[in-house]
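Residue-level structure breakdown
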Amino acid sequence: MDYSILQHYWWFLLSLLGGLLVFLLFVQGGQSLIYTLGRKEDDLRQLIGSLGRKWELTFTTLVTFGAAFFASFPLFYTISFSGAYWVWMLILFSFVIQAVSYEFISKQGNFLGKGTYKTFLFLNGLLGPILLGTAVSTLFFGAQFQYDPINLTDTVNPTFSHWEGAFFGIEAIWLTPFNVILGAAIFFLSRTLGALYIINNLQSDNIRRSARRQVLSNAVFFLVAFLTYLVNLLFLHPVWKFDNGIINTAAGTYFDNLLAAPWTLATLLVGVLGVLYGIYKGALTKSLNGIWYAGIGTVLTVLSLLFIAGVDGTVYYRSLSTPSSSLTIFNSSSSHFTLTAMSIVSLFIPFVLAYIWYVWRKMDRK
Amino acid sequence: MEQSVIDWSRAQFALTAMYHWLFVPLTLGLGFIMAIMETLYLKTKNAKWKKTAKFWMKIFGINFAVGVATGIILEFEFGTNWSKYSWFVGDIFGAPLAIEGIFAFFMEATFIAVMFFGWNKVSKGFHLASTWLTVGGATLSAVWILVANAWMQHPVGMGEFNVDLVRTELNDFWAVISPVAIMKFFHTVISSWMLGAAVVIGIASWYMLKNREKTFALDSIKIASVVGVTGIVISIITGDITGNQVAKTQPMKLAAMEGLYDGANGVGLVGIGILNHDKTYNDGKDPYLFDISVPKMLSFLATRDINGYVPGINDIIKGGYTTQEGNIAVPVEEKIARGKEASEQLRLYKTATNEEDKETAKAFFKANSKYFGYSFFNSAADTIPPVSLVFYSFRIMVCLGLLFLILFVVVIYYIGKNKFTAARWLQKTCLWAIPFAYIASQAGWIVAEVGRQPWAIQDILPVQAAVTNINASSVILTFFIFLLLFTTLLIAEIKIILKAIQTGPVESVEDEQY
């Protein structure tokens, strides 16, 4: 199959995985609500019990997202993970402390005490979405790096990529306010989704009532942050592209990218409407199904936004210090052979999704 | 390249990998044992097997959580700390990791939830299937990460070096699942059964010593000892085949495992030995202060001929001997010179402005490209791994493996003769043997990984050319954060497991589960 189609196919799969990941951050959102919704011991027990049955799906999706990025676009994995060292490390730490907490929190002799594991869950719920959102925003707003493979021929001091400055990724916070705005948007979205999930998954009327209030308040913050980000991204923030090897830093807007691939525009619209409808159902009606509308809406919205970040040679990771080092899906992908092999593997993904769906339908049956 | 960055990055990877490997072999071994127990429950309909399986599942769950926590770091550490590696071989190395995620992790994550929370929600048959799929998922994830590791030991399946991008590229997916990878999988996973068995037998022996839960304990020991013996016997066979493969693919590692400096025909295998620590490459001193060897055994292991030739460290460096494939070994100094030539030609290719110069440089590069990785060395002696660590680790692994075989056989014998309950000395031995199973398992990985040094990928990329160029202080800081965090988690896990053991098997696991 044509190399360019495979590169787009993998960019699409990563965008889809990214969408699923953001949806599944409802686990983190729920964790950030444990002090709010779980004041009573019994409520806390129910909350942790419910979230504790799903956390591994989010965790696994994150790991698979990282590994799939490595396999399909190794240049990004190489440059970003080593350069933005501290951002990725903080993300990893926040997930390490989560991974043990659900298992350990209720166990006797758990060494650190129940309160510590509760704090761990809260910290993961707070830091995970904010840091992931901030990091993902750099796909649009860039970072300060350069690379040159020729430096691997320096036999004494071989290098490959170079990251400007001494903050190793933390500078994403102040390079542009928009990185943090997306971080905040993802955080409040995760809380909104977390509350919607709780409404759907828990039987307690008490918790449901409080959760509905949380849907409303968090959705307001989410919408303010997200719409600010979205308007800036689609209409004000210039797209970068390579034209015959020369970087063009004024190649239209991301809205042009949406128009160029109309299905992305449709997906985005349906997605945003889905999220809004889900919020409405959760906050203002007695419905239990808000999570499905908002969840699927989230997947579609993120899918479409991530896809236009890299479609058709758009720079998806811009170098602010050396623009010619910027990454597109064409200059950063695995070889034609590897992408082909991986694409064959990817045909099994629907099967994986099917058994997950089947199993959880069985498990969530009341 | 700053040496401290290389050292700390290696230390951090070793720390995180070794911590991860404290938990994974128990997942693999105990998982297999408890799945057998649940199968017996369905077959016999005897509730005692449900109780037994559930107790071990509880231990499995506690251990699994820390395994997951320590595993996520490894998945990303190739990028954060070994970024040049990620670029140089990412086209090949990334695929197994992604496949591991897609196939194995979701399988584990989905079915482990059924295993723990589904007792009353799904049928018995579906639950049993979920238990096996959880263990299968864990084992499947081991397949892919071990394929990736085997590729670092024996890189295959590559096409022509991509001179434009300066990286190796995949051209044969199935070649990556090489005989080396297959042996590595069986040796690593099945030796984990030994560890799982040792833990089950040890804990069950504690109950015997305390006169508690005797039926449960004896049932557990019966299953585990058979799994343990099976595991060790298969590990001995796969270990032997692996040794033979190492002789062909990584002769330097084999020489380090044996402390063999001067090769010969009909070489003996050092059974017990103490190395002479003053010994350096090519100084003519005796490598051992003391040794007892099995005559001709190493030659047989390496070549399947008791008089076969096994090269030592000096021979590998000097070259000139005939390899098992029938080639004349190239001296390391020559490899370094040709590697530097390849590197220079690659640089010329990348900087050339006209097509003719490019083509010439490319042709010269291709002639020497297989030694490109050697360009990063200045002296042949730099290609020798730390001999004593590899030598002693190998002996610890083999000796402990054999001792466990004897222990498990004795346990089976005593159980068969109905004497186990009275044999308190044997129960105590089993209990105190638990940590040694971990030592054996870790020692095996030290042989595999330290024996490969100074290469990150054998003959392709040394560690100094693989590491991320970052300031040492960042790596030192993350090293200590990991050390503190993982040690805390380890203490917590041990305390929780001890408490669970004290409580003993109960009818319902959900009692404590949120």
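Computed from a predicted model, the values in this text were never measured in an experiment.

**Some remarks on the nonpolar core**
- One finds Tyr 316 and Tyr 317 of chain A together with Trp 56, Ile 72, Tyr 85 and Phe 93 of chain B to be the most contacted residues of the largest nonpolar core, which totals 272 residues.
- Sort the elements by how many residues they give to this core and helix H3 (residues 83-117) of chain B lands first, with 21 residues.
- Looking at which domains feed residues into this core, each of domain 1 (3-250 + 385-508) and domain 3 (332-380) of chain B gives three or more.
- Formed by 38 residues, the second largest nonpolar core is a distinct cluster that contains Val 246, Tyr 374, Ala 380 and Val 390 of chain B.

**Comments concerning helix H14 (residues 424-450) of chain B**
- Given a rise of 1.5 Å per residue, 27 residues ought to cover 39 Å, and the 39 Å separating the end C-alpha atoms of H14 of chain B matches this to within 8%.
- Roughly 40° is the biggest bend found in H14 of chain B, and it falls at Ile 434 of chain B, with proline Pro 435 of chain B one to four residues downstream.

**Description of the interface of chain B and chain A**
- Listed per partner, the contact involves 92 residues of chain B and 80 residues of chain A.
- Between chain B and chain A, roughly 7700 Å² of surface is buried when both sides are summed, and carbon and sulfur atoms account for 75% of that area.
- Our enumeration of links across chain B and chain A arrives at zero salt bridges.
- Counting every contact that joins chain B to chain A gives 17 residue pairs in polar contact (both at pLDDT 80 or more).
- Among the elements of the structure, helix H2 (47-81), H3, helix H11 (332-351) and helix H15 (472-503) of chain B are those that each provide at least two residues to the side of chain B that touches chain A.
- Tallying contributions element by element places H3 of chain B first for the side of chain B that touches chain A, with 26 residues.

**Here we look at the packing of aromatic side chains**
- For the structure on display, the rule yields 87 aromatic pairs over all chains.
- Each residue in the set Trp 11, Phe 65, Phe 69, Phe 73, Phe 76, Phe 145, Trp 163, Tyr 316 and Tyr 317 of chain A is aromatic and connected to the rest through ring pairs, giving one cluster.
- The cationic tip of Lys 279 of chain B hangs over the ring face of Tyr 261 of chain B; the distance from NZ or CZ to the ring centre is 4.6 Å.
- The residue whose ring lies beneath Lys 358 of chain B is Tyr 349 of chain B, and the NZ or CZ to ring-centre distance is 4.5 Å.

**Things to note about the domain arrangement of chain B**
- Per the domain assignment, the segments making up chain B are domain 1 (3-250 + 385-508), domain 2 (255-318) and domain 3 (332-380).
- The C-alpha centroid of domain 3 of chain B is placed 34 Å from the C-alpha centroid of domain 2 of chain B.

**Some thoughts on the environment of Lys 253 of chain B**
Residue and element names in this part refer to chain B.
- Locating Lys 253 in the fold gives a position in helix H8 (residues 251-258).
- Sequence separation between Lys 253 and Gly 312 is 59 residues, and the spatial gap between their C-alpha atoms is 10.0 Å.
- For Lys 253, the contacting residues outside a window of four places in its chain are Gln 153, Val 246, Val 390, Val 447, Ala 448, Gly 451 and Arg 452.

**Brief notes about the pattern of salt bridges**
- Enumeration over the complete set of coordinates arrives at 14 salt bridges over all chains.
- For Lys 54 of chain A, the salt bridge is made with Asp 364 of chain A, and the minimal N-O distance between the two is 3.1 Å. Of this pair, Lys 54 of chain A sits in the loop between helix H4 (41-51) and helix H5 (55-72) while Asp 364 of chain A sits in the segment after helix H16 (349-363), and the two are 310 residues apart along the sequence.
- Residue Lys 54 of chain A is classed as buried on the basis of its relative accessible area, which comes to 7%.
- Of the residues examined, Asp 364 of chain A reaches a relative accessible area of 28% and is grouped as partly exposed.
- Across the pair Lys 366 of chain B and Glu 160 of chain B runs a salt bridge whose closest N-O atoms are separated by 3.6 Å.

**Re unusual backbone geometry**
Residue and element names in this part refer to chain B.
- In this model, Gln 453 is joined to Pro 454 through a cis peptide bond whose omega is 5°.
- Inspection of the secondary structure assignment puts Pro 454 in the loop between H14 and strand E5 (455-457).
- Phi at Lys 45 takes a positive value of approximately 60°, unusual for a residue other than glycine.
- With phi around 65°, Lys 296 is a residue other than glycine that occupies positive phi space.
- With respect to the helices and strands, Lys 296 occurs in the loop between strand E3 (288-294) and helix H9 (297-303).
- Lys 296 gets classed as partly exposed once you look at its relative accessible area, which sits at 34%.

The rules behind these values
- Residues numbered from 1 in each chain as written.
- Chains lettered and ligands numbered in written order.
- Predicted model: local features only at pLDDT ≥ 70, side-chain atom pairs only at ≥ 80, totals over all residues.
- Heavy atoms only, no water.
- Core = buried A, V, L, I, M, F, W, Y, C linked by side-chain atoms within 4.5 Å.
- Buried < 20%, exposed > 50% of the residue type's maximum accessible area, 1.4 Å probe, protein only.
- Helix = DSSP H or I, 4+ residues; strand = E, 2+ residues; numbered from the N terminus.
- Domains from an automatic or database assignment.
- Expected span 1.5 Å × (residues − 1).
- Bend = angle between axes of the 7 residues up to and from the residue.
- Contact = heavy atoms within 4.5 Å.
- Buried area = accessible area lost by both parts, 1.4 Å probe.
- Salt bridge = Lys/Arg side-chain N within 4 Å of Asp/Glu carboxyl O.
- Polar contact = N/O pair within 3.5 Å; in protein donor to acceptor, adjacent residues only side chain to side chain.
- Phe/Tyr/Trp six-rings, centres within 6.5 Å; stacked < 30°, edge-to-face > 60°.
- Lys NZ or Arg CZ within 6 Å of the ring centre and 35° of its normal.

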